[in-house]
Amino acid sequence: MELSFRLDPEDEITGKASDDYPVKLATNSCSIGGTPADAHPDLFALAAWTIVAPWTRKQITFDRAISPGLAQALHDGWGIEAGPVGAEPRPAGSTLAISYSGGADSVAAATMYAEAPFVHFRRVAHPRIPNRWTHYRSDVLAELAAQTGRELAMVTSDLEFTLAEPRPGYPEHHAVAAGALLLADRLNLGALGFGYELGSRWLGGDRYLGHFTPDNRMWAAHGAWGRLFAAVGVHIVLPVGGVSEAVTMRLALESGLKDQVRWCLRGTDGPCRVCGKCLYKELIQAAVERRPLDTPLTAKSKPAQKWLERPPYGGQEMVEYGLARIPDIEHTLFAKALDYFDATEESTSWLDHCYPPAIDEIPPRWRDQANAFITANVGYMTPDEIRRVETWGL
Amino acid sequence: MMRVLVPVRLRKAVRTWFDSRYISIADHRQDIRDALWEVRTLRREMATLQSEVERLRTARPQVADKAKIDDARRLAQETAKALDGVLQNEVLVWQAIDDLRSRHHAATAGAAAAPTAGAAEPAGTEGQ
């Protein structure tokens, strides 16, 4: 599928993603491969919206009629006039697929729904943008996804190159689902499971707010995006939305997919061990495995610089969790970060359990399976632990 | 162990048969000489190759190459950055064209004094 779009008079090159982060447009075309041409018009419209939303301020005109429900959800969530209106709504299907990246979080989500098919998004080069990011090995990740033995739909796309700054990536986090949406009719999808965990969904993690966010615009079932996906009959499901990255790490490394887990985007034969992401994940893995930190990086290395400065850090709850658990951490590059916290195992033990409302917001059809899995493999938070979540950053 | 008496003639025949299966001392000498010659030739070739490697190594003008590489790198980066600007400008040009077009539509519709809904063509998304 080829997508091209134009800006309205009030739109500008610099827009805003749903987390309020300013993003710059690079070009106004992209394509998505591996998807059928006959999807429901609402699916086309939503797939396009995941890409153009940051730059749309007042109105959007699609090349085909959409359902009144989708137009309403766009209006309620963004104040955007969308049209033309005139299609029947798409009824929800019965299958839940996993938006599978291969990282620990999506592997943990996949473990919860052992029969769910995977949809993997694979970045390909954009014909109009010089690729200055060849170290991103999407081919390696695609190969690992194929080795999982699960039913797999591979989507190829250059849509990340529509974003110029801060760097190529999903214009909205939801753009990873663009291909899955176009496949929704083919796969009879009623829900799409993402690997977003407790930090992203409830603690305002990443480049978001850094405090408790029950009404998270991006990931709450009742948030703007949650209602929009529901309007096209593909509910957003966060199977691991109630557990921390320590739990997803443990579940992933204990799962049958442990040999295919890969959170590093650079390594070929294995994780590169020297990028910022590898360092952060090593902090979590060492804490989970209760062993000393094992990294070739020193305090002088570039990825370490972040940890020499004051908090807040992205994924700060996991930093506290790691600092409290890793033996000999005071003799590693995280020594400086220790000054800013007095985290203990007790004060971070809430991160070993599941926040119950996260399971409650999964649609009934898929809730029982998540509940059974959590009960058997993780366990729910106590009222005291729940309070830790609900006062986070406040 | 069992010893058996063997007739002299038979013993001799067996011995001759064994000897015929081995190389003579003279042949051995010649072989060793040949091998030695081979080793000397190889040694000469090695020396030639080594001096060739040395010559190539010193012949590479390192300083000039580095400047060239840096320059190519700078040009590539600047070109990519410039292209970013061109692509963004293209988006803005289309935006301006669409704006003019819709104003033109509005003007002609206004002249006809009967504006119809949907006559304006606000820009949006086109998928195919």
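What you see as residue numbers is a count from 1 along each chain, following the sequence as written. Chain labels run from A onward and ligand labels from 1 onward, assigned in the order the entries are written. Only residues with pLDDT of at least 70 get local features here, since the model is predicted, and only at 80 or more are side-chain atom pairs given and counted; chain-wide, interface and lining totals rely on the full set of residues.

Asker: Hey, could you go over the overall build of chain A for me, with residue numbers and the actual values?
Answerer: Helix and strand content of chain A: 16 helices and 12 strands. Based on C-alpha atoms, the radius of gyration is set beside the globule rule, defined as 2.2 Å times the residue count to the power 0.38. Rg of the C-alpha trace for chain A: 21 Å, near the compact-globule value of 21 Å for 394 residues, within the 12% margin. If you line up chain A on its principal axes, its C-alpha atoms span 60 × 45 × 40 Å. The 394 residues of chain A split such that 51% are buried. For the purposes of this entry, the term helix denotes a DSSP run of H or I that reaches at least four residues, the term strand denotes a run of E that reaches at least two, and both are numbered from the N terminus. Put plainly, a residue is buried at 20 or more neighbouring C-beta atoms within 10 Å of its own, exposed at 12 or fewer, and partly exposed in between, counting only other residues' C-beta atoms, which are placed from the backbone.

Asker: So what's going on with the overall build of chain B? Residues and values would help.
Answerer: When you go through chain B residue by residue, the secondary structure sums to 3 helices and 1 strand. The helix and strand sequence of chain B, counted from the amino end, reads α-α-α-β. Counting over 128 residues, chain B shows a buried share of 5%.

Asker: Which residues make up the sheet that holds strand E2 (residues 14-16) of chain A, and what are the values?
Answerer: Residues and elements named next belong to chain A. Strands qualify as paired when DSSP identifies two bridges or more between them. In space, the 3 strands of this open sheet follow the order E2-E3-E10, with antiparallel pairing throughout. Among the strands making up the open sheet, the edge pair consists of E2 and strand E10 (163-165). Sheet twist, expressed as the mean angle between neighbouring strand axes with direction ignored, is 50°. Direction of pairing for strand E3 (residues 22-25) relative to E10: antiparallel, over a ladder of 2 bridges. Following the sheet pairing, Lys24 is matched in E10 by Glu165. The axes are straight lines fitted to the C-alpha atoms, using for helices just the contacting stretch, and the angles between their N-to-C directions are given from 0 to 180°.

Asker: Hey, could you go over the nonpolar core for me, with residue numbers and the actual values?
Answerer: Residue and element names in this part refer to chain A. Grouped together as the largest cluster of nonpolar side chains are 133 residues, with contacts concentrated most on Leu181, Leu182 and Leu192. Top element by residues in this core is helix H1 (residues 41-52). It accounts for 9 residues. Contacts are defined on C-beta atoms placed from the backbone: any two residues whose C-beta positions lie within 7 Å are in contact. Those residues in contact with Leu182, other than ones at most four positions away along the chain, are Met1, Ile32, Thr35, Pro36, Ala39, Leu43, Phe44 and Ala47. For this analysis, nonpolar core means a set of buried Ala, Val, Leu, Ile, Met, Phe, Trp, Tyr and Cys residues linked through C-beta atoms within 7 Å.

Asker: Run through helix H10 (residues 276-289) of chain A, naming residues and quoting values.
Answerer: Residue and element names in this part refer to chain A. For a helix, the expected span equals 1.5 Å multiplied by the residue count minus one. Between its first and last C-alpha atoms H10 spans 20 Å; for 14 residues at 1.5 Å apiece the expected length is 20 Å, and the two agree. The buried count for H10 comes to 10 of 14 residues, which makes it a mostly enclosed element. Turning to H10, its buried residues are Cys278, Leu279, Tyr280, Lys281, Leu283, Ile284, Gln285, Ala286, Ala287 and Val288. Looking at the buried positions of H10, the neighbouring elements they touch are helix H9 (245-254) and helix H11 (316-325). Of the residues flanking the end of H10, it is Arg290, one or two places downstream, whose phi is positive at about 50°.

Asker: Could you give me a rundown of the packing of H10(A) against H11(A), with the residues and numbers involved?
Answerer: Residue and element names in this part refer to chain A. Put simply, H10 and H11 touch, their axes get as near as 9 Å, and they point 45° apart. Classified by the angle their axes make, H10 and H11 are oblique. Of the two possible hands of crossing, H10 and H11 adopt the one that is left-handed. For the pair formed by H10 and H11, the contact residues are Leu283, Ile284, Ala286 and Ala287 on the first element and Met318, Val319, Tyr321, Gly322 and Arg325 on the second. For the contact of H10 with H11, the per-class residue count stands at 7 nonpolar, 1 polar and 1 charged. In these notes the angle categories are as follows: under 35 degrees is roughly parallel, over 145 is roughly antiparallel, 65 to 115 is roughly perpendicular, and the rest is oblique. In this scheme the crossing of two helices becomes right-handed for a clockwise turn of the near helix relative to the far one and left-handed for an anticlockwise turn of less than a right angle. When residues are grouped by polarity, Ala, Val, Leu, Ile, Met, Phe, Trp, Tyr, Cys and Pro land in nonpolar, Asp, Glu, Lys and Arg in charged, and all others, Gly among them, in polar.

Asker: Describe the interface of chain A and chain B, with residues and values.
Answerer: In this complex, chain A contributes 26 residues to the contact, which on the side of chain B involves 17 residues. Going through the elements one at a time, strand E1 (2-5), H1 and strand E5 (59-66) of chain A are the ones with two or more residues in the side of chain A that touches chain B. Take the side of chain A that touches chain B: its biggest share by element is 5 residues, from E5(A). Looking at side-chain class alone, the side of chain A that touches chain B contains 15 nonpolar, 5 polar and 6 charged residues.

Asker: So, the packing of helix H3 (residues 104-112) of chain A against H9(A): which residues are in play, and what are the values?
Answerer: All names here are of chain A. Orientation of H3 relative to H9, taken along the N-to-C sense of each, is 65°, at an axis distance of 8 Å. Between H3 and H9, the angle is such that the two are roughly perpendicular. Relative to H9, H3 is oriented so that their crossing is left-handed. Contacts from Ala104, Asp105, Val107, Ala108 and Thr111 of H3 reach H9 at Glu245, Thr248, Met249, Leu251 and Ala252. Considered class by class, the residues forming the contact of H3 with H9 number 6 nonpolar, 2 polar and 2 charged.

Asker: I'd like a description of unusual backbone geometry, backed by residues and values.
Answerer: Residue and element names in this part refer to chain A. Between Gly83 and the following residue, Pro84, the backbone shows a cis peptide bond with an omega angle of -5°. Secondary-structure assignment places Pro84 in strand E6 (residues 81-85). For the bond from Pro311 to Pro312, the omega torsion is 10°, close enough to zero to count as cis. Mapped onto the elements, Pro312 comes out in the loop between H10 and H11. Positive phi values are uncommon outside glycine, yet Asp20 reaches one of about 70°. Phi at Asn188 is positive, roughly 55°, even though this residue is not glycine.

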